[in-house]
Amino acid sequence: MNQQKKSFFFKIAVAFFALIIFSSDIFAQTTIQNRMNEGNAAFDLGRKSGKKSDFLRALTIFQEIRKEKETPYSVQLELQAKIVATHQALGQDLEAVLEFLLLCRTDSSVQFIDEIPLFWSNREMSTANARLKTLESAILPWLEPINNPSQKWNPVGQLLAASVLLFSDQYRQQAIQILQNLVVLESPDPENVQTVEFCRKISLLATAQLWRQKLIQPTLKESDVDFWQKTLQRFPVSLKYGPYFLIGEGYRKLKNDKALDAYLRLAILYPEKRTLAEEALDKAAKELEQRGQNRESNLLRIKLNPK
C-alpha cells in the first residue's frame, strides 16, 4: 500500500512539474508574441510618420527578442527579415545586406525573398562605399553558385552579392554575368509552386538589376524604358519599388515627363525604403521645379526634412 501511495504521489509530482514547465513555455511564447506585436506596431507607425525614432524603437525591440533563448527558430527567422526591413527603413542599407546574408545561410531565403535589400541607386552605393571595401570579404563568397557560405545552390545570395558589386571595378563583369545567368533561371522542381514562384522573382529582379547597367550607356532609348514600364506589370507589388526608381531615372535621362510619375509612386508607396524613397522625392521635386511648379516642389522638400 505504501508503495502504491509513493507511486501515486510521484506521478502527481511529475504532472505538477510538467504543468509548470508547460505554463512557463506558454508564458514565454505569449511574451515574445506581445513584443513582436509591439515591434510591428512601431514599424507601422514609422511607415506612417516617417520618423526614424519609430523605426529605431522597432529595431531595438526586434533585436532584443532575437537575443532571448526562448525565441523559437521560426520566429528567429521572421525577426531576421524584420531587422532587414527596419535597417532599410533607417537608411542603413549595408547593414540590411549583411543581415539578409545571414538569412541566406538558411532555407528561409526562399520564404523572405520579398525582403531582399538590393541596391538600385548611386546614392545607396555612395552611402555604402565607405565601408564596402572592408566588407567585400563577407559579400564576395556569395557570388559562387554552390561553393558559398550556405554550401548549397543559392541564387538569392548570388543576386544580392551581384547587386552590391555591380559597379565594383574589380567584380563588375562577374556580377553582370551572374545577373545574366539568373535572368534565365528555371526551377529545379517544376512541380513545386513555391520554388517556381521564387525563381520567377529572382529572374525578374536580375532583369531589373541589369537596367542599372543600361542606364549608364549612351545608347539608352525611350523604347527601352517603355519596355521596362511594361515589364513592371509582371512584378509583385512588394518588389516594384526598385524598378520604379530605374524607370524614373531612364525617363529623366531622356527628359521625358513620365519620370515624375515613377518617382512619386516609389516615394508614396514605399516610404520604408528610406534611401531610395528620399532620393525619389528629391528628384521628383526637381522635376516639378523644371515645370515651374515651385509650390508643389517645396511641399515635397518639406517632406524630405529629417524627422
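Throughout this description, residue numbers start from 1 for each chain and increase along the sequence as written. Given that the model is predicted, a residue must reach a pLDDT of at least 70 before its local features are reported, and side-chain atom pairs must reach 80 or more before they are shown or counted; all residues, however, enter totals for whole chains, interfaces and linings. Side-chain numbers come from the whole structure's heavy atoms, not from hydrogens or water.

Asker: Kindly report on the overall build of the protein chain, identifying the contributing residues and their values.
Answerer: Only runs of H or I of at least four residues qualify as helices and only runs of E of at least two qualify as strands under DSSP, and these elements are numbered from the N terminus. Along its length, the protein chain carries 13 helices and zero strands. N-terminal to C-terminal, the α/β element order of the protein chain is α-α-α-α-α-α-α-α-α-α-α-α-α. Burial analysis of the protein chain (307 residues in total) assigns 48% to the buried set. The contact criterion used is simple: two residues touch if any of their non-hydrogen atoms lie within 4.5 Å. Considering only contacts in the protein chain between residues 6 or more positions apart, those separated by 24 or more positions represent 61%. Note that accessible areas follow from Shrake-Rupley with a 1.4 Å probe, and for residues the cover is restricted to the protein chains shown. For the protein chain, the accessible area works out to roughly 16,300 Å², and carbon and sulfur atoms hold 55% of it. The cut-offs for exposure are 20% and 50% of the maximum accessible area for each residue type, with area from a 1.4 Å probe on protein chains only; residues under the lower value are buried, those over the upper are exposed, and the others partly exposed.

Asker: How would you summarise the packing of aromatic side chains if you had to cite specific residues and measurements?
Answerer: Centre distance and the angle of the planes are the two values used to describe a pair of aromatic rings. Each pair of aromatic rings taken from Phe, Tyr and Trp, with Trp reduced to its six-membered ring, is defined by centres within 6.5 Å and is described as stacked if the planes are under 30 degrees apart, edge-to-face if over 60, and tilted in the remaining cases. Under the criterion given, the structure shown has four aromatic pairs. Here Phe43 and Phe55 contribute two aromatic rings whose centre-to-centre distance is 5.2 Å and whose plane-to-plane angle is 70°, an arrangement assigned as edge-to-face. Taken together, the positions of Phe43 in helix α1 (residues 2–49) and Phe55 in helix α2 (residues 52–67) put the pair 12 residues apart, joining distant regions of the chain. Residue classification places Phe43 among the buried residues on the basis of a relative accessible area of 14%. Geometrically, the ring pair formed by Tyr241 and Tyr270 is tilted, given 5.7 Å between the ring centres and 50° between the ring planes. On the criterion of sequence distance, the pair formed by Tyr241 in helix α10 (residues 241–253) and Tyr270 in the loop between α11 (258–269) and α12 (274–290) is long-range, its members being 29 residues apart. Owing to a relative accessible area of 3%, Tyr241 belongs among the buried residues under this scheme.

Asker: With reference to specific residues and values, describe unusual backbone geometry.
Answerer: One non-glycine residue, Gln151, lies in the positive phi region at around 60°. Mapped onto the elements of the fold, Gln151 is located in the loop between α5 (122–139) and α6 (155–164). Its identity as a non-glycine residue notwithstanding, Lys255 has a phi of 60°, on the positive side. Here Lys255 shows up in the loop between α10 and α11.

Asker: I'd like a rundown of helix α9 (residues 222–231), residues and numbers included.
Answerer: Among the residues of α9, those classed as buried are Asp224, Val225, Trp228 and Thr231. One side of α9 carries all its buried residues, which in axial view fall inside an arc of 110°. Against the buried residues of α9 lie α8 (193–215) and α10. An arc is given here, and it is the one of the directions from the helix axis to the C-beta atoms.

Asker: I'd like a rundown of the packing of α6 against helix α7 (residues 172–183), residues and numbers included.
Answerer: Axis definition: a line fitted to C-alpha atoms, limited for helices to the stretch in contact. Angles are taken between N-to-C directions and run from 0 to 180 degrees. The interhelical angle for the contact between α6 and α7, taken along N-to-C directions, is 140°, at an axis separation of 9 Å. Our classification of the angle between α6 and α7 gives oblique. Note on packing geometry: the crossing formed by α6 with α7 is left-handed. Residues Pro155, Gln158, Leu159 and Ala162 of α6 touch α7, and the partners they reach there are Ala175, Ile178, Leu179 and Leu182. Each residue belonging to the contact of α6 with α7 can be placed in one class, and the counts come to seven nonpolar, one polar and no charged. Here the word oblique covers every angle except those under 35 degrees (roughly parallel), over 145 (roughly antiparallel) and from 65 to 115 (roughly perpendicular). Crossing chirality is assigned from the near helix's rotation relative to the far helix, an anticlockwise turn below a right angle marking it left-handed and a clockwise turn marking it right-handed. Under the scheme applied, nonpolar residues are Ala, Val, Leu, Ile, Met, Phe, Trp, Tyr, Cys and Pro; charged residues are Asp, Glu, Lys and Arg; polar residues are all the others, including Gly.

Asker: Please set out the nonpolar core residue by residue, giving values where relevant.
Answerer: Core analysis: the largest hydrophobic core is formed by 70 residues, its most contacted members being Ile116 and Leu159. With nine residues, the top contributor of residues to this core is α8. Excluding its chain neighbours within four sequence positions, the residues that come into contact with Ile116 are Phe100, Val156, Leu159, Leu160, Leu205 and Tyr241. Take the buried residues of types Ala, Val, Leu, Ile, Met, Phe, Trp, Tyr and Cys, join any two whose side-chain atoms come within 4.5 Å, and each joined set is a nonpolar core.

Asker: I'd like a description of helix α4 (residues 93–104), backed by residues and values.
Answerer: To estimate how far a helix should reach, multiply one less than its number of residues by 1.5 Å. The terminal C-alpha atoms of α4 lie 17 Å apart, and with 12 residues this matches the ideal 16 Å at 1.5 Å per residue to within 8%. Counting buried positions along α4 yields nine of 12 residues, so the element is predominantly enclosed.

Asker: Provide a residue-level description of the pattern of salt bridges, including the pertinent values.
Answerer: One speaks of a salt bridge when a side-chain nitrogen belonging to Lys or Arg is within 4 Å of a carboxyl oxygen belonging to Asp or Glu. Enumeration over the complete set of coordinates arrives at 18 salt bridges. Across the salt bridge formed by Arg66 and Glu99, the nearest N and O atoms sit 3.0 Å from each other. Separated by 33 residues along the polypeptide, Arg66 in helix α2 and Glu99 in helix α4 bring together distant segments of the chain. By relative accessible area, which is 24% here, Arg66 ends up partly exposed. Overall, the relative accessible area of 12% leaves Glu99 in the buried class.

Asker: So what's going on with the side chain of Ser121? Residues and values would help.
Answerer: Relative to the helices and strands, Ser121 resides in the loop between α4 and α5. Residue classification places Ser121 among the buried positions, given a relative accessible area of 2%. Polar contacts, as used here, are pairs of N or O atoms within 3.5 Å; protein pairs need one atom able to donate a hydrogen and one able to accept it. Residues neighboring in sequence count only if both atoms are side-chain atoms. In terms of polar contacts, Ser121 uses its side chain to reach the side chain of Glu279, at 2.9 Å. Not counting chain neighbours up to four residues away, the residues in contact with Ser121 comprise Phe245, Leu276 and Glu279.

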